[in-house]
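Residues per chain, in single letters:
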Amino acid sequence: MRKYILHIFLLISAVAFAQDPIVKAQIETSNIRIGEQFNLRITVKDVENVILPKLQLKGLEVIDSAKVDTLNYMLIQKYVLTGFDSGAFYIPQQQVFVRNQAYLTDSLLVNVATVAIDTTVVKKYPIKSIKKEPLVFDDYKLYIYLLIAALLIIGFWIYWFVIRKRKVEEEDPTYVALAPYEEAMYKLNELDEKLLWQNNQVKQYYSELTDIIRGYIERELKVPALEKTSDEIIEVLNDFHDADTINTTKENIKKLKELFKEADLVKFAKSKPMALEIEEDRKDAEEVVHNLKPKPISKDEELE
């Protein structure tokens, strides 16, 4: 008897859990007319470390979005949507990160219908008299071409005999290039702002992350890292370390090797690292750049 009661309790708990998801998407109606607005609400049963998605819709458009609201330890995001084409359109599943864990909402179907016109209440107008055919471009094109030609001749004359003689050669604008380390830090922060891996673009994220490191090595160590494979770069760094020409450690080179290996798995083996692993790789990238610099040349070496 206790065994049956336990089974019933587990079944009820499973049903209750299935009906109470962490993230949920709701629409106030599934049938609208063209141009009519409706609300989409995404509810998250947590308020800390939540990353909401950028809506990607087909056939529907986002008109407005309200500020994120919190109520009873729940996070609520509301969107105002509409559609300008008739048909049935899906709001696809949206991926929400809660405490570095990805959750998917349900997909929702929205039917957009045309506005029916009642011909019995349309106001009727009397038949108008025949009007003259309106003038078209062909009636004026000869005069327009002549006017354009005259303006071009006048403009050329003014430029050649007036502006060209007064023109003073301007200095080319100068651009201050960032130092290799500052450029790498700037690009890493810029990569963070793109939120690539948070929007399921993990392959693009690792490609840009490793390109930043390659670019730094190429500028700082004068090595064509963008043209070399990962193994070739590691081999060059080991040679530099053995020759005592760079300020780094074997551990730092090993960390870069592991980062390149992880990036290759993502790009070519379709590996999908967890959020914590991605964040750790981001920290490793910054540490590699920070701890990889050429040794300064002494005055005696310069004289030699």
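I will try to describe carefully the structure that is included in this document. Every value quoted in this text rests on a predicted model; they were computed, and no experiment measured them. (Residues numbered from 1 in each chain as written. Predicted model: local features only at pLDDT ≥ 70, side-chain atom pairs only at ≥ 80, totals over all residues. Heavy atoms only, no water.)

### Notes on the sheet that holds strand E11 (residues 108-113)
1) Next: Pairing in this open sheet of three strands is mixed, and the strands run E2-E11-E8 from one edge to the other. Both edges of this open sheet fall to strand E2 (31-33) and strand E8 (87-91), since each of them pairs with a single strand only. Strand-to-strand twist across the sheet, computed as the mean angle between neighbouring axes with direction ignored, equals 30 degrees.
2) Next: Note that E2 and E11 share three bridges and pair parallel. Each bridged residue has a counterpart across the sheet, and for Arg33 the counterpart in E11 is Ala113. (Pairing = 2+ DSSP bridges. Helix = DSSP H or I, 4+ residues; strand = E, 2+ residues; numbered from the N terminus. Axes fitted to C-alpha atoms, helices over the stretch in contact; angles between N-to-C directions.)

### Comments concerning the nonpolar core
1) Next: Judged by nonpolar contacts, the single largest core of 35 residues is most densely connected at Tyr205, Ile217, Leu237 and Leu256.
2) Next: Of all elements in the fold, only helix H3 (180-194), helix H4 (202-221), helix H5 (230-242), helix H6 (250-268) and helix H7 (275-290) reach the threshold of two or more residues within this core.
3) Next: Residue contributions to this core peak at nine residues, all from H4.
4) Next: Once residues lying within four places of it in the same chain are set aside, the contact partners of Leu237 are Ile217, Leu221, Ile246, Ile253, Leu256 and Leu292.
5) Next: Judged by nonpolar contacts, the second largest core, of 20 residues, contains Leu57, Leu75, Leu81 and Val110. (Core = buried A, V, L, I, M, F, W, Y, C linked by side-chain atoms within 4.5 Å. Buried < 20%, exposed > 50% of the residue type's maximum accessible area, 1.4 Å probe, protein only. Contact = heavy atoms within 4.5 Å.)

### Considerations on the layout of surface pockets
1) Next: By volume, the largest pocket is sized at about 340 Å³.
2) Next: Among the secondary structure elements, those contributing two or more residues to the lining of the largest pocket are strand E9 (95-98), strand E10 (101-104) and H7.
3) Next: In terms of residue class, the lining of the largest pocket is made up of nine nonpolar, five polar and two charged.
4) Next: Space inside the second largest pocket adds up to approximately 220 Å³.
5) Next: Its residues placed into classes, the lining of the second largest pocket shows two nonpolar, eight polar and one charged. (1 Å grid on protein atoms, 1.4 Å probe; cavity = no way out; pocket = protein on both sides within 12 Å on 5 of 7 lines; lining within 4 Å. Points joined across faces, edges and corners; volume = space filled by probe spheres on them. Nonpolar A, V, L, I, M, F, W, Y, C, P; charged D, E, K, R; others polar.)

### Overview of the sheet that holds strand E4 (residues 50-51)
1) Next: If you walk across this open sheet you meet the three strands as E4-E9-E10, and the pairing is antiparallel. Where the open sheet ends on each side, the last strands, each with one partner, are E4 and E10.
2) Next: Alignment of E9 against E10, held across four bridges, turns out to be antiparallel. For Phe97, the partnering residue across the bridge sits in E10 and is Ala102.

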